[in-house]
Amino acid sequence: MSILDIPLGPMQFMAVTAVVVVAFTVAMILSYISQQNRPLGYLRRGERPEPAGESPADEPLPPAVLQEMEHARLSASQRQRLSAVLSGLVSQQVAAKVSAVKHELNRVVEEKTREAMVVKQKYHDTLAHKEQTEAVLRSMAEGLVVVNQQGEVVFLNPAAEKLLGVDKQEKLGKPLNEGLQDEQLLSFVKQPSADGREKEIELDSKQAQSKRVLRSSNAVIEDEHGKTVGMVSVLTDVTKQRELDRLKSDFVSGVTHELRTPLVAMKHSLAVMGEASAGELSETQKNFLSITQRNLDRLNAMINDLLDLAKLEAKKVELRREPTAIQAVIQRTCETLRAWATSKGVRLTAQTPEALPALSLDPARIEQVLTNLIGNAVKFTPPDGSITVEAKLAEGGGEVEVSVTDTGQGIAKEDLPKLFQKFQQLQAGARRAGEAKGTGLGLAITKEIVELHGGRIWVESEQGKGSRFAFSLPVASPSDTKG
Ligand code: ADP
């Protein structure tokens, strides 16, 4: 006899109902899990599945529950009540589940829609920025070429197309030098200077029968990890500027040359007057004569400097290169200037290692550079100060670095960029009375000479803490490395 065969009173009926409800709830949980894969699992045998969208109250009872109900000895009305209670419970739970899932689905859909809108907006903004940047680059007067790490062109603006005489559509994705006929142009784009230094070449323009001068300045493009990913070159047509420079240089050298002749005559006349062979001079006259002679000397020095600079700028100076030990040039210059430094109470020493490679340079011109740098150091260093001239092989061994360090008054930070420009005299008042005033051209000449040798010049200084002027000279001369 099974428990279901026992006739039920009202209390027993309630107990059976409770058992069935618990069994049903467990069955519901299991049913929910299995429904994911087996939607027809709870249908009575032979029953058809409910169409989608049917009321949850019509949900069929799980077979286990129906079986229990059949075995229970319930009257028809009890079964009906139990069935109604269970059906209500099923509907409630299913409705709650459906509403929770719907709610979750709505939330996910809303979130995804919001995210998609943000992405779309960002895409449009980026596109607008890209178009704006490209419009600016397209309208630039300078040519702009961007190449990737393999040297293939990734961007070329119309000005670059014109300057290089190439077609953008044919060049994109290909090496910049591929298909270039002009040999000079080829050498120009073949080795863009990666250190960003400006590079200039002259091109013979076939159409206009005139020379074109292009200047390129390059910069390496790095990603956020500092890895080189390409290079950008800005090309400028400096033909007109070069022509103006040439006219100016010609004018300056012409005028200064013409000024020299009367100056020489004046100098001789004053010398004769000073020797008193043209008559005895009073003390006041002698004084005036000495002032005139000093200023004449200064004028002469300025004219010589101007003439020198004009020639250097016009690249009309031929260097007389010869294998030279830089130590010997330094020693010689120091010996010449030591008496002057000592008279001012300034110590001048040279520190040069013996083992330095011989350099191919013009010794007279490098002596001119050193004379100017050491001369300035003597002028701007007070008594009891010191000047040290050093030479050493720079890191990498490709250059020799020569420096002149003083313990003088130093240079203000804001004045440093102007220093190598023409006619810059920053601290003229700091010299000793009676000392010859400079021309303000010395450092400009010095820079031209160093650059003509293929080197660089720079200065490190702080006001009140002395200065260090340094220049580098390549171990192999530029002509040796050509090709
Ligand atoms: P100048 O012939 O007048 O000396 P330079 O071109 O040689 O012309 O120098 C330009 C200016 O740079 C100087 O007038 C001076 O103000 C500054 N200068 C150059 N060297 C030094 C130095 N060692 N210490 C301080 N100032 C310097």
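Residues numbered from 1 in each chain as written. Predicted model: local features only at pLDDT ≥ 70, side-chain atom pairs only at ≥ 80, totals over all residues. Heavy atoms only, no water.

Participant: What exactly am I supposed to notice about the sheet that holds strand E7 (residues 347-351) here?
Facilitator: Strand pairing in a sheet relies on backbone hydrogen bonds. The paired strands run either parallel or antiparallel. Here we have five strands laid out as an open sheet, ordered E7-E9-E10-E12-E11, and mixed in their pairing. The sheet terminates laterally at E7 and strand E11 (456-461), the two strands that pair on one side only. Adjacent strand axes in the sheet meet at a mean angle of 15°, parallel and antiparallel pairs treated alike. Along the sheet face, helix H9 (residues 326-343) touches E7, strand E9 (386-393), strand E10 (399-406) and strand E12 (467-474) and points at about 175° away from the line of E7. Sheet strands in contact with helix H11 (residues 442-452) are E11 and E12, and its direction is about 135° off that of E11. (Pairing = 2+ DSSP bridges. Helix = DSSP H or I, 4+ residues; strand = E, 2+ residues; numbered from the N terminus. Axes fitted to C-alpha atoms, helices over the stretch in contact; angles between N-to-C directions. Contact = heavy atoms within 4.5 Å.)

Participant: Sorry, what's going on with a nonpolar patch on the surface here?
Facilitator: Side chains of Phe-251, Val-255 and Leu-259 sit close together on the surface and give an oily, nonpolar patch of about 280 Å² of accessible area. Position of Val-255 relative to the elements: it lies in helix H7 (residues 239-274). Looking at Val-255, the relative accessible area reads 35%, which means it is partly exposed. (Patch = residues over 30% accessible without salt bridge, like charges linked within 9 Å, V, L, I, M, F, W, Y side chains within 5 Å. Areas by Shrake-Rupley, 256 points an atom, 1.4 Å probe, with all protein chains shown as cover. Salt bridge = Lys/Arg side-chain N within 4 Å of Asp/Glu carboxyl O. Buried < 20%, exposed > 50% of the residue type's maximum accessible area, 1.4 Å probe, protein only.)

Participant: Help me understand the pairing of E9 in this model?
Facilitator: For a regular strand, the rule is simple: side chains alternate between the two faces of the sheet. The pairing of E7 with E9 spans five bridges and is parallel. The residue of E9 that forms the bridge with Leu-348 is Ile-387. Judged from the seven bridges that link them, E9 and E10 form a sheet pairing that is antiparallel. Following the sheet pairing, Glu-390 is matched in E10 by Ser-403.

Participant: Quick question: what am I supposed to make of the pairing of strand E2 (residues 153-156) here?
Facilitator: Sheet topology note: the strand E1 (residues 143-148)/E2 ladder contains three bridges and is antiparallel. By the bridge assignment for E2, Val-147 is matched with Val-153. Remark: four residues form the turn of the hairpin made by E1 and E2, two consecutive strands paired antiparallel; Gly-151 in that turn has positive phi of roughly 80°.

Participant: So what exactly am I meant to see when it comes to the packing of helix H10 (residues 363-379) against H11 here?
Facilitator: For any two helices packed against each other, the geometry comes down to the angle between their axes and how far apart the axes lie. Running from amino to carboxyl end, H10 crosses H11 at an angle of 145°, the nearest separation of the two axes being 9 Å. Taken as a pair, H10 and H11 cross one another with a handedness that is left-handed. Between H10, through Arg-365, Gln-368, Val-369, Asn-372, Leu-373 and Asn-376, and H11, the contact on the second element is made entirely by Gly-442, Leu-443, Ile-445, Thr-446, Ile-449 and Val-450. Classifying every residue of the contact of H10 with H11 by side-chain character gives six nonpolar, five polar and one charged. (Left-handed = near helix turned anticlockwise from the far one by under 90°. Nonpolar A, V, L, I, M, F, W, Y, C, P; charged D, E, K, R; others polar.)

Participant: Sorry if this is basic, but what is going on with the packing of aromatic side chains here?
Facilitator: Two numbers describe a pair of aromatic rings. These are the distance of the centres and the angle of the planes. Tallying each qualifying case throughout the model produces one aromatic pair. On the basis of an interplanar angle of 75° and a centroid distance of 6.4 Å, the ring pair of Phe-420 and Phe-469 is categorised as edge-to-face. Placement of Phe-420 in the loop between E10 and H11 and of Phe-469 in strand E12 is noted, with a sequence separation of 49 residues between them. By relative accessible area, which is 16% here, Phe-420 ends up buried. Assessed through its relative accessible area of 9%, Phe-469 is described here as buried. (Phe/Tyr/Trp six-rings, centres within 6.5 Å; stacked < 30°, edge-to-face > 60°.)

Participant: How should I be thinking about the nonpolar core in this particular structure?
Facilitator: Ranked by size, the top nonpolar core spans 42 residues in total, and within it Ile-326, Leu-370, Ile-374 and Phe-471 carry the most contacts. Looking at this core element by element, the count peaks at seven residues for H10. Excluding residues within four positions of it along the chain, Leu-370 makes contact with Val-329, Ile-330, Thr-333, Gly-375, Val-389, Val-402, Val-404 and Phe-471. Val-145, Val-147, Leu-156 and Leu-214 belong to the second-largest nonpolar core, a separate cluster that totals 12 residues. (Core = buried A, V, L, I, M, F, W, Y, C linked by side-chain atoms within 4.5 Å.)

Participant: How should I be thinking about the confidence of the model for the protein in this particular structure?
Facilitator: Interpreting fine coordinate detail is not advised for predicted regions of low pLDDT. Per-residue confidence for the protein averages 81 on the pLDDT scale, and 76% of its residues sit at or above 70. With pLDDT under 50 throughout, residues 36-57 is counted as low confidence; its partners more than four residues away or in other chains account for 23 contacts. The model gives residues 428-434 a pLDDT under 50, and that stretch makes 10 contacts with residues more than four places away or in other chains. (pLDDT = per-residue confidence, 0-100.)

Participant: Just checking my understanding: could you explain the pattern of salt bridges for this structure?
Facilitator: For side chains bearing opposite charge, pairing can occur when the charged atoms are close. What the rule picks out here adds up to 18 salt bridges. A salt bridge links Arg-468 to Glu-401, with the nearest nitrogen and oxygen atoms 2.8 Å apart. With Arg-468 in strand E12 and Glu-401 in strand E10, this residue pair connects regions lying 67 residues apart in the sequence. By relative accessible area, Glu-401 is classed as buried at 14%. Counted as one network, the salt bridges with shared partners bring together Glu-104, Arg-107 and Glu-111.

Participant: It is not clear to me how the side chain of Asp-362 should be interpreted in this structure. Could you clarify?
Facilitator: You can see Asp-362 is positioned in the loop between strand E8 (359-361) and H10. Buried charge without a partner: Asp-362 forms no salt bridge, and the closest opposite charge is Arg-365, 4.9 Å away. Excluding residues within four positions of it along the chain, Asp-362 makes contact with Glu-318, Leu-319, Arg-320, Arg-321 and His-453. (Lys, Arg positive; Asp, Glu negative; His and termini not counted.)

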